[in-house]
Structure formats: structure tokens, C-alpha cells
Amino acid sequence: MTSSPPTVIVVGGGLSGLMASLHLAESGIAVELISRDPPVRSDSSALHVPIAATVGGKGTRQSAEKHFLDTVASGDFLANQEPVRQFCFGAPSLFSLLQRMGVFFNRGDDGCLETCESEGWHRSAAFNGEGTGKRILQTLDGQIRHYEGRGKISRRDGWEFLSAILDDSGISRGIVAMNARSMRCEAIRSFAVIVATGGIGSLFGQNTQGTRGDGSAVSILHQQGAPVANPEMIQFQPSIPLTDSKALSIGSQLVSLGARFFTNRNGARWYFFEELYPRVSGPLPHYVTCRAIDRVTREMGLGINGGSLVCLEVPKRLERELTRRWGRLWNTVREMMTATADHWILPVRPSVAYWLGGLWTDENQMTAIPGLFAVGECQYQFHGANLLEGNLIPASLFSGWKGGEAVSHYLSGISESGEPPASLFDRALQREKNTIVGVRDGTGKETLPLLTRELQQVMSAHAGLARKNGGLKEADEKIVELLQRSHKITLSDSGSYLNNELREGTTLRPRLDLCRAIVSAAFLRNETRGCHDKPDYPKRDDGAYLKSSKVYWTPDGPRVEYEDVNLKYVKP
Amino acid sequence: MKRIYLKIKRQDAPEGVPYWEHFQSARRPGLTVIGLLRDIRLSPRNAKGEAVAPVAWESNCEEGACGSCAMRINGRPAMACHTRVGDTRHPVVLEPMGGFPVLRDLVVDRERLFDTFRRANDWIETGRSTLDELPDVGRQPVSSLVRSLSSCIACGLCLSVCPQSHPSERSNERTIERENGFIGPAVLARLLQFNLISSDESVREKRFSLLTGPGGLEECGHAQNCQSACPSDVPLLTSIALLNREASKRLLR
């Protein structure tokens, strides 16, 4: 740990947080990197998506332009266009930077990038086996160690963000965090904070990302005055369920290699997807696929055994390609398969894969809280109403890099207004200590894991695909009930060391609050746009809703406003 | 309805005394060890029906990519997310993996692994990460060796079964003599990976001096436990052989 206060705190050690930390450290700015887990264990490690690679000397500018148009259109015009443009024009250099750091991508013998077709992106998408995210994460993790060795970055693995410390003018002055081993809290000062806490998959239960991402840091900041934007935009992907909490998001990649969706109807295989979309070749956007699966299972009741699963028929001739491309991951998938003579059959269902919304930021990644920035999946720029999967990794990286740059400018511009009084930090620290004592000493008949499970069930039932206003209202009422019941929890764990239940207990109310924000924004957006699916309002309504939802926290519940989208370059 | 019986080696804190606790839980199709731990956590009671604190463990991705859930299952090093309860011996015996200080229950402190990666300079110095550089066109494909070396997920299982890497298990000391302890198979592989892809001679020499210094290659006892423990098929034995050869060549210069 650094002995003098760090200049910048970065919360979250995934791709975007590491990139931001790196950029700052290279600029000579001291960074304190706070992370729940060591960076290589973050959700970014399980990313199998390829990277939209607009590389190549000739025509780079032209293909960046096409990349920009594809991204804006894919987001159903909900993304602010200036950040998207900067991202698309910065992406080729980002790709080059990764390789200079030692990340390699699959290449043929001639040195040319091997590319694959990727959902919604019919051009080149580069990849690194099945572990594109993992390789980049490992590389960035090593880069961070370089700067740790030079005293520029100090890492605190195993710390939980509890709150931002804001002075009387509402300016960010640091954070309070808890060492999740000793359970000791600390007020950490800084001149700026970057939040890079990733997605919200675990709010829904089974998801493709991991069990750690729950949006609780975003929600805490939401309560402290940073609105969240487009929280209702959540991407589902056709995924292979591995366990109760985990599904593998490789359904679309299998389809682009020749796998076919089917379910059973009248004793025979019904290739429903081909019937619904007869003239399509190549991978369709995930929300189209997921909607088709949802209609077939939920509306028609034709899921396998009447449930929510359909099947993916994978030709056995793909074995060599899949083993080559995915290695060990393919072995994991094999365990889930049943075999016929020529095919493997895999169960598939739509599963939460990415959060397109997040903390509202200006075009320089600063939230509504001065000095507090947000990068990566936890902020709302770039993807609008739908993510192009080839953009997931580069946008997170670009966002982190850009956030680092924006913080550098911010730091050079702040006045020498002197140190805030120690009492500011003492009060913030005491507040969090009191909250923790409250969670620790709670009594009542409720338990934390069961309340969490009820929340996951209500979100999956009503806030996923095929949203109905009646269901969303019911979900909101349920969440309010859970909020009341959350005051009556008795913990099973009274330990004072590495008490995960206590740590998770501090995130419960933030999780519930964030779910209310999601549900409220979904309720009020009466249209279907990108991933937001409302069968009662099946069309996109640009007249009323070509706007970002901007949700504010109030003690009486979320307040939703709307903000015009920056349509600087291209109109729908 | 068949029940699953488990025995878990618990410890309340780093300085605590280990003890065994027995559990039982319902069998469910496709259940992994992580799923089993999660089921127990819903209402944590031991096999005698007494309410106990939930077992502490680490997991995240549940697909073998993040390296969190390394532990000892029925005496063998394993990733809990990959271990289906149906495929294991019963009762299922869970212990924290060996070779690292226990923090609580199945959670150990693996910081020393990352510290040692740092000593191996596991990065390439690139100067400023500017985005003004013109993109490169076409590079050499990497060798399959580099590709395999890069699949390490820093789980620590190789170190946990390496007889040369264990700190003293008699004391709960966490101040292991890190400077002179064996750096271990994962770090050797990482060192080779970076020496293969980086061309900066001075840094390669630095890595090499870690290899040939105290705690380096000469500590390897050739038990070969590491390779069978690795869940990602990192070519650990090949790395050690290649590094041995390189070290000998330099010695004879």
C-alpha cells in the first residue's frame, strides 16, 4: 500500500479497470486499485467473444466508419454517437496496442488474422482460442505488476467498495472500503475515483458472466446522487446451462458454424428458427434469437418437457474445429451433450449476458458526481439498446483508457482548494461502520440467501424477455416487500474473519434498489427497442422514446426522466 | 431421495485450529461441488442438524477460466466447478488446497503466486499506451507452446502438490521465506512464456537470473505432480525441461 494518499482510486480489476489504471500509471499518476478479487478472477476472464477487428493499413478509416455505423444501428440508435465514434476510430490502435503488450490472436500460417463470423458482425472478428478475455486480462494483469514494482500502482485485492466520500459541494474525495478478510473498514482519500465494477448478471440468477457481478457499487453511487441510465437495457444470449448459476454464452457461435435450433413438436424435431426466419444466413442479433426461443417456449409451450429450454443440434463433423477453437471449453460443453448418430444435442435457454445500461456519464466518462468516473460495463455509453458482441471487449478497454485520460485532464484542472477536513472522512467511515454493525446484529426470521433467491426469481420472471407492464408492476411490489423484509435478517455467520455473508449482507439493499431502477425504467419504456422486449408494444417508437432513460434514486423509489440522445452523425 | 454426505475441513481464521465438519445434502442431477456448497449455504446445518456458519469458499466463473475454486477434493487437487458430485467418491471430502496459508475454511491466500509472477517480470514494456499508433498489419503466428503456456489461470494447484513449494505446515507462518522458497512450476512456465515472446535482452537476463538464483530451477525435485494437477494443460514439464536445457547451455558458455 502506498504511504501517501493515492491520487486516483480505481474500483474493479476487470478489463476496463485495469486499462484505466495502466493509462494513469503511465502518465505518472498514483493509483490505488481496489478489487473484490485478484484481477485475473474477474468476470472478464470468462469472455469467449471475438473482437471486431477493423485493422489493416488500407481502408482502415473506411472500415472504422462502417464499424461506427454498424454499432449505432445495432444499438437501435439509442447510443450517444460521439463516444461511439471515438471508440470505433480508436479501436484499430487499441488492437495494435494489445498485440504490442503480448496479446496474440489466432493467425494462419501466412500471418493473417484468422477471423470468425460473429453475431451481428459479418466482417472480421478476431479471437484467441476460447479465451480472448482471459488472455487480455492476463496480459493487463502483468502490466499492472510492472507498475506495482515501480510504485505507481498499489493493489488491494479482497476489498469491498462501501461508499464514495463526497464533500459539502458533492465532489468526490475518496471512498470507504472494507477489507473482506479482516472485515475492517477504511476511509481512503483520493482526488478522483474511477468505478469499473462490471455487470449485474447475478441479479437474475443463472447468467453467463459469473456470480460476483451484482451492480451493488453502482447502486450505492446511485443512492449517493449519480443517476443510472438505460438500466432496463440488458442483453440476453442463447446459452448452454451448466449449473444453477452459470450458462455458457456460445450458442450463437455454434449457430454460425452450422448448428441448428430445434424443439419437439408432435413427436418430431421442429427447426423453429428456420421457419420463423427463412431468408437469414449468418448469425442474427442475440435478442432476435432469444425472442424466438422465448416465444416458442413461453407462448407456445413447446419448450423441452414444457419448460424454458430448446435444443441445439451440433453436427459431429464440427468436432475438430470446435476442439481447435475452444479446447478445454469444448470438453466442458461435451459433458452437457447427448449424442445421436450424426449430431450432439445441447440444451439452450436465453440467459443474461451483458448490461448495456449503467451509471450515467458525460462524454468524458464522468458521472453526475464531480470527480467520480465510470468505465466499462457499469456505465451506459457505447452500446445503446443492444451490444454487438465483437464490441464488448474493445469498448470496455477503450472506455477504461478514455476514463484514465479524462481523469488526467480532471486532475490538472482542479484547484488547490486544500485538504477537506478530517471530520469528513471520519464521518463517512463511521456511517459505514454503523451500517455493518446493523447488518451483523440484525435479527428476524429472514435469511440472506433465501431473500437473494426470491429477488433472482422475480427478476427472471418479469424483467427478462417478453416484459409485460402487469408483470413489471408485480415485480416492483415484490422488491418493495423484499426491501422491508431485508430489515429482518439474521445472519448465520457470526465470524469476524472473512465473513462472506456479512459482506454480501451489505450489498442486499443496493441490489434491491438497483432492481427497482431496472424495473421502473422497463415499465415506463412502452416500446420494443433492441434488447428491451415488450410484446404489447412491439414497435420501436422514436417519437416518444428516442431518449435515454435517466433514473434518479429517491427515498420513495426511483424517479425516471428522459434525456435526448446525441444523434450528431446519423439519424435513424 | 439419495443424500450426499460430505466431510469438510474447516478453520475459522488464519490462526485457528482446523477441524472437520460433516454435512449432508440432497442429490440433484448435474450438481457440481460448487453447487453443493451453495445448496448447503441456503440453510447451513451440519449432519447433526446443528446450525453452523456457512462454509467459506471462492468461486466466480464456474467454467474453469477464473482459477478461483481450486481446492482438494477427495485428497486430489481439483477445480470445484468442474467436479460433478455424481462422479466423485463418497463421502465427498473437501479440504483447502495445500501449500498456501489457510484463511478460512476452503479459502487460502495465494498472494505469493502473484508476487512471484512479478519477480518473473510477466509483462512486456511498451512505453506509453498511446492510441495514436498506426495499426500493424500481419504478425507471426505464435507457437503452440506459447499458446499453451498462456492458458495458465493462476489457480495454484501445481504449487499445492509440489513437494518443494510447501511452506512449513507445522506452523501457520505466513512469512514464508519467499525470497528463497522455490518459485514453483507456474512461475517457471510464465517465465518461459515471456522469454519466448519478448526480445528485450536485459529483461530476459533478469528473468534468467530468477531462474538460476536461489529458489530457482535447481529446487525442482522432478516429482512431476504439477502436470497432473494442472486443470489447463499448461506444459509445465516441457517448460522445466526447456529451461533446464537453456540453463545448462549458459553454464557451458
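The notes below deal with the structure included here.

Describing the overall build of chain A
Thinking step 1. In terms of regular secondary structure, chain A is built from 16 helices and 21 strands.
Thinking step 2. Relative to the compact-globule value of 25 Å for 572 residues, chain A shows a C-alpha radius of gyration of 23 Å, a close match.
Thinking step 3. Taken along its principal axes, the extent of the C-alpha atoms in chain A is 70 × 60 × 50 Å.
Thinking step 4. In chain A, once contacts between residues fewer than 6 apart in sequence are set aside, the share between residues at least 24 apart is 72%.
Thinking step 5. On chain A, roughly 19600 Å² of surface is accessible, and the fraction owed to carbon and sulfur atoms is 49%.
Thinking step 6. The positive charge centre, built from 64 side chains, and the negative charge centre, built from 62, are 2 Å apart in chain A.

A short note on the pairing of strand 1 (residues 3–10) of chain B
Residues and elements named next belong to chain B.
Thinking step 1. A one-sided burial pattern is seen for strand 1, the buried positions being Ile-4, Leu-6, Ile-8 and Arg-10 and the unburied ones Arg-3, Tyr-5, Lys-7 and Lys-9.
Thinking step 2. Bridge count between strand 1 and strand 2 (residues 19–26): 8 bridges; the pairing is antiparallel. Across the sheet, the residue bridging to Arg-3 is Ala-26, located in strand 2.
Thinking step 3. As paired elements, strand 1 and strand 5 (residues 92–95) share 3 bridges and run parallel to each other. Considered in strand 5, the bridge of Ile-8 is made with Leu-94.

Digging into the packing of aromatic side chains
Thinking step 1. Going through the model one piece at a time under the given rule, you end up with 16 aromatic pairs over all chains.
Thinking step 2. Taken together, a centroid distance of 6.5 Å and an interplanar angle of 40° make the contact between Trp-326 of chain A and Trp-330 of chain A tilted.
Thinking step 3. Taken together, Phe-261, Trp-270, Phe-272, Phe-273 and Tyr-277 of chain A form an aromatic cluster joined through their ring pairs.
Thinking step 4. The ring centre of Trp-159 of chain A lies 4.5 Å from the NZ or CZ of Arg-156 of chain A, which sits over that ring.
Thinking step 5. Positioned over the ring face of Trp-20 of chain B is Lys-7 of chain B, at 4.5 Å from the centre of the ring.

A few points about the interface of chain A and chain B
Reports often express the size of an interface as the amount of accessible area lost when the parts come together.
Thinking step 1. Across the contact, 76 residues belong to chain A and 69 residues belong to chain B.
Thinking step 2. With both chains or domains summed, chain A and chain B bury close to 5800 Å², and 48% of this area falls on carbon and sulfur atoms.
Thinking step 3. Area buried by chain A at its contact with chain B is led by Arg-41, Arg-100 and Arg-145 of chain A, which between them contribute 14% of it.
Thinking step 4. Counting every contact that joins chain A to chain B gives 8 salt bridges.
Thinking step 5. Two residues, Glu-111 of chain B and Arg-155 of chain A, come together in a salt bridge whose shortest N-O distance is 3.9 Å.
Thinking step 6. Where chain A meets chain B, there are 26 residue pairs in polar contact (both at pLDDT 80 or more).
Thinking step 7. With 11 residues, the single largest contributor to the side of chain A that touches chain B is helix 4 (residues 132–149) of chain A.
Thinking step 8. Broken down by class, the residue content of the side of chain A that touches chain B amounts to 19 nonpolar, 33 polar and 24 charged.

So, the side chain of Thr-83 of chain B
Thinking step 1. As for its position among the elements, Thr-83 of chain B is in the loop between strand 4 (76–79) and strand 5.
Thinking step 2. Excluding residues within four positions of it along the chain, Thr-83 of chain B makes contact with Leu-31, Thr-32, Val-33, Ile-73, Ala-78 and Thr-88 of chain B.

Comments concerning the nonpolar core
All names here are of chain A.
Thinking step 1. Judged by nonpolar contacts, the single largest core of 96 residues is most densely connected at Leu-254 and Val-314.
Thinking step 2. At 10 residues, helix 11 (residues 392–413) tops the list of elements feeding residues into this core.
Thinking step 3. Setting aside residues no more than four positions away along its own chain, Val-314 makes contact with Leu-254, Ala-259, Leu-322, Trp-330, Asp-342, His-343, Trp-344 and Leu-346.
Thinking step 4. Core analysis: the second largest hydrophobic core is formed by 68 residues, Val-11, Met-178, Val-193 and Ala-517 among them.

Comments concerning the pattern of salt bridges
Proximity of charged atoms lets side chains of opposite charge pair with each other.
Thinking step 1. Here the structure, examined in full by the defined rule, presents 62 salt bridges over all chains.
Thinking step 2. The salt bridge partner of Arg-212 of chain A is Asp-37 of chain A, with a shortest N-O separation of 2.8 Å. Taken together, the residues span a long stretch of sequence, with Arg-212 of chain A in the loop between strand 9 (192–195) and helix 5 (216–223) and Asp-37 of chain A in the loop between strand 2 (31–35) and strand 3 (51–52) at a distance of 175 residues.
Thinking step 3. Overall, Arg-212 of chain A belongs to the partly exposed group, its relative accessible area being 21%.
Thinking step 4. Note on Asp-37 of chain A: relative accessible area 12%, which makes it buried.
Thinking step 5. Among the ionic pairs, Glu-201 of chain B bridges to Arg-204 of chain B, the shortest N-O distance being 2.9 Å. Note that Glu-201 of chain B and Arg-204 of chain B are positioned in helix 6 (residues 201–212) at a spacing of 3 residues, about one turn of the helix.
Thinking step 6. For Glu-201 of chain B, a relative accessible area of 45% gives the class partly exposed.

Re the sheet that holds strand 6 (residues 159–166) of chain A
All names here are of chain A.
Thinking step 1. One open sheet accounts for 3 strands, arranged 6-7-8; its pairing is antiparallel. A single partner strand is all that each edge strand has here, and the edge strands are strand 6 and strand 8 (185–189). Direction aside, neighbouring strands of the sheet carry axes that sit 25° apart on average.
Thinking step 2. When strand 7 (residues 172–179) meets strand 8, the two strands line up antiparallel, connected through 5 bridges. Note that in strand 8 the partner of Ile-175 across the bridge is Ile-188.
Thinking step 3. Packing of helix 12 (residues 422–440) onto the sheet brings it into contact with strand 6, strand 7 and strand 8, and relative to strand 8 it is tilted by some 150°.

What counts and what doesn't
- Residues numbered from 1 in each chain as written.
- Chains lettered and ligands numbered in written order.
- Predicted model: local features only at pLDDT ≥ 70, side-chain atom pairs only at ≥ 80, totals over all residues.
- Heavy atoms only, no water.
- Helix = DSSP H or I, 4+ residues; strand = E, 2+ residues; numbered from the N terminus.
- Rg over C-alpha atoms; globule rule 2.2 N^0.38 Å.
- Contact = heavy atoms within 4.5 Å.
- Areas by Shrake-Rupley, 256 points an atom, 1.4 Å probe, with all protein chains shown as cover.
- Lys, Arg positive; Asp, Glu negative; His and termini not counted.
- Charge placed at Lys NZ, Arg CZ, Asp CG, Glu CD.
- Buried < 20%, exposed > 50% of the residue type's maximum accessible area, 1.4 Å probe, protein only.
- Pairing = 2+ DSSP bridges.
- Phe/Tyr/Trp six-rings, centres within 6.5 Å; stacked < 30°, edge-to-face > 60°.
- Lys NZ or Arg CZ within 6 Å of the ring centre and 35° of its normal.
- Buried area = accessible area lost by both parts, 1.4 Å probe.
- Salt bridge = Lys/Arg side-chain N within 4 Å of Asp/Glu carboxyl O.
- Polar contact = N/O pair within 3.5 Å; in protein donor to acceptor, adjacent residues only side chain to side chain.
- Nonpolar A, V, L, I, M, F, W, Y, C, P; charged D, E, K, R; others polar.
- Core = buried A, V, L, I, M, F, W, Y, C linked by side-chain atoms within 4.5 Å.
- Axes fitted to C-alpha atoms, helices over the stretch in contact; angles between N-to-C directions.

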